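# Architecture and fold: a report
Chain residues, written in single-letter form:
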Amino acid sequence: MYNPISNEFFDQLTVAMERKIPSTIEYYQNEEQEKKKEKQQIKVLVKTMEVIEGFEFLVLDTNEKIRLSLVVTFNGKRHRED
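Residues numbered from 1 in each chain as written. Predicted model: local features only at pLDDT ≥ 70, side-chain atom pairs only at ≥ 80, totals over all residues. Heavy atoms only, no water.

## Section: the environment of Val71
Tracing the sequence through the fold places Val71 in strand 6 (residues 71-74). Look at Val71 and you get buried, because its relative accessible area is 1%. In the structure, Val71 is positioned 63 residues away from Glu8 in sequence and 14 Å away in space, judged by C-alpha atoms. Discounting chain neighbours no more than four positions away, the residues touching Val71 are Phe9, Ile25, Glu26, Tyr27, Leu58, Ile66 and Arg80. (Helix = DSSP H or I, 4+ residues; strand = E, 2+ residues; numbered from the N terminus. Buried < 20%, exposed > 50% of the residue type's maximum accessible area, 1.4 Å probe, protein only. Contact = heavy atoms within 4.5 Å.)

## Let's talk about the side chain of Ser23
On the secondary structure map, Ser23 appears in strand 1 (residues 23-27). Within the structure, Ser23 has its side chain in polar contact with the backbone oxygen of Ile21 (distance 3.0 Å). When residues no more than four places from it in sequence are discounted, the contact partners of Ser23 are Ala16, Ile42, Lys43, Val44, Phe74 and Asn75. (Polar contact = N/O pair within 3.5 Å; in protein donor to acceptor, adjacent residues only side chain to side chain.)

Purely geometric numbers; function is a separate question.
Structure below.
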């Protein structure tokens with residue numbers, strides 16, 4: 001089921017991308033980690049956002065992609081419940 005991100009989260013992501021602010025992201029790599037509550041944390045620059053097969057992703061300066069629906073916190077601000 002599609003859950004759009006909040007306007008506040010979108011604005012925060014946009015500012016981080018435009019100003020090239022190093023960001024700390026706490027997230028689940030996939031649904032299996034989400035079920036096990038195994039979070040990852042990374043500090044990176046967010047280059048852009050893109051939609052792949054109907055899911056929104058953050059594209060990082062490391063060329064990694066994180067699905068937005070699996071992001072728990074972005075720069076210390078919680079964006080979903082565990």
